[in-house]
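An overview of the molecular structure
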Amino acid sequence: MASNATAPKTGKADPDPWYGPTSGTTVLAAALMIFGGVMAILEGIAAIAKDDLFVTTRHYVFQFSLSGWGWVHLILGIVIVLAGCAVLTGALWARYFGVVVAGLGAIANFLWVPYYPLWAMTLVAVNIFIIWALCTGQHREAHKGSAA
């Protein structure tokens, strides 16, 4: 009679379902990065097209032309979308890069407040939440790895 009692085990009998790079907070951060990046791209395209949607204020400290701000948001939006896709791969460098790019996105949208206040403040909040989610996911990974 053949028995499998001595066969080597290749994995844990009860594998841990939590995997840090693709944890819920990391996936949420990546999805928000893709969403926020697409919104920034649309914001940039609208500004480059000199849409009547925007309010132009006088005597603003960070005054660029509307098309200049459009190019800033378009390029930053593309970079944020690419960083969000990289975060989904689980690479640690992508998480750090995502924090930096989301911080730049929050600053750019804060400076954009006089042109479109509601959209800008929404994207500032989204970028701050992205930073929180990326940093929280990493903290959980380090805590989970030290417990094993």
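The preceding data block contains the structure.
The following paragraphs examine the structure supplied in this document. As the structure is a computational prediction, the values presented were derived from the model and not from experiment.

Cut-offs applied
Residues numbered from 1 in each chain as written. Predicted model: local features only at pLDDT ≥ 70, side-chain atom pairs only at ≥ 80, totals over all residues. Heavy atoms only, no water. Helix = DSSP H or I, 4+ residues; strand = E, 2+ residues; numbered from the N terminus. Buried < 20%, exposed > 50% of the residue type's maximum accessible area, 1.4 Å probe, protein only. Polar contact = N/O pair within 3.5 Å; in protein donor to acceptor, adjacent residues only side chain to side chain. Expected span 1.5 Å × (residues − 1). Patch = residues over 30% accessible without salt bridge, like charges linked within 9 Å, V, L, I, M, F, W, Y side chains within 5 Å. Areas by Shrake-Rupley, 256 points an atom, 1.4 Å probe, with all protein chains shown as cover. Salt bridge = Lys/Arg side-chain N within 4 Å of Asp/Glu carboxyl O. Core = buried A, V, L, I, M, F, W, Y, C linked by side-chain atoms within 4.5 Å. Contact = heavy atoms within 4.5 Å. Axes fitted to C-alpha atoms, helices over the stretch in contact; angles between N-to-C directions. Parallel < 35°, antiparallel > 145°, perpendicular 65-115°, else oblique. Left-handed = near helix turned anticlockwise from the far one by under 90°. Nonpolar A, V, L, I, M, F, W, Y, C, P; charged D, E, K, R; others polar. Phe/Tyr/Trp six-rings, centres within 6.5 Å; stacked < 30°, edge-to-face > 60°.

**What about the overall build of the protein?**
Helix and strand counts for the protein stand at four helices and zero strands. When its helices and strands are written in sequence order, the protein yields α-α-α-α.

**Here's the deal with the environment of Ala-49**
Considering the arrangement of structural elements, one finds Ala-49 in the loop between α1 (24-48) and α2 (66-89). The exposure class of Ala-49 is exposed, given its relative accessible area of 59%. It is 7.4 Å that separates the C-alpha atoms of Ala-49 and Ser-67, two residues lying 18 residues apart in sequence.

**Description of the side chain of Arg-95**
Its location among the elements puts Arg-95 in helix α3 (residues 92-111). A polar side-chain atom of Arg-95 sits 2.6 Å from a polar atom in the side chain of Thr-26.

**Side note on α3**
The terminal C-alpha atoms of α3 lie 29 Å apart, and with 20 residues this matches the ideal 28 Å at 1.5 Å per residue to within 8%. Taken together, the buried positions of α3 are Ala-94, Arg-95, Gly-98, Val-101, Ala-102, Gly-103, Gly-105, Ala-106, Ala-108, Asn-109 and Leu-111.

**Details of a nonpolar patch on the surface**
Taken together, Leu-28, Phe-129 and Trp-132 make up a surface patch of nonpolar side chains, about 280 Å² in accessible area. If you trace the backbone, Trp-132 turns up in helix α4 (residues 117-147).

**Things to note about the nonpolar core**
The biggest cluster of nonpolar side chains holds 17 residues, and the ones touching the most others in it are Met-33, Leu-76, Ile-80, Val-87, Ile-130 and Leu-134. For this core, the secondary structure elements donating two or more residues are α1, α2, α3 and α4. At five residues, α2 tops the list of elements feeding residues into this core. In this structure, Met-33 is in contact with Ile-80, Val-81, Ala-83, Gly-84, Val-87, Gly-98, Ile-130 and Leu-134, ignoring residues within four places of it in sequence.

**Digging into the side chain of His-73**
Mapped onto the secondary structure, His-73 falls in helix α2. When its relative accessible area of 1% is taken as the criterion, His-73 is described as buried. Setting aside residues up to four positions removed in sequence, His-73 forms contacts with Ala-40, Ile-41, Glu-43, Gly-44, Ala-108, Asn-109 and Trp-112.

**With respect to the packing of α1 against α2**
The geometry of α1 relative to α2 is characterised by a closest axis approach of 7 Å and an angle of 160° between their N-to-C directions. The angle between α1 and α2 falls in the class roughly antiparallel. For the pair α1 and α2, the sense of crossing is left-handed. Class assignment of the residues belonging to the contact of α1 with α2 gives a composition of 20 nonpolar, eight polar and one charged.

**Re the packing of aromatic side chains**
Both the distance between ring centres and the angle between the ring planes are used here to describe each pair of aromatic rings. Per the stated rule, a full pass over the model turns up three aromatic pairs. Ring centres 6.0 Å apart and planes at 65° place the aromatic pair Trp-69 and Trp-112 in the edge-to-face group. Within this pair, whereas Trp-69 is found in helix α2, its partner Trp-112 is found in the loop between α3 and α4, the two being separated by 43 residues in sequence. Here Trp-69 matches Trp-112 in class, with each residue buried.

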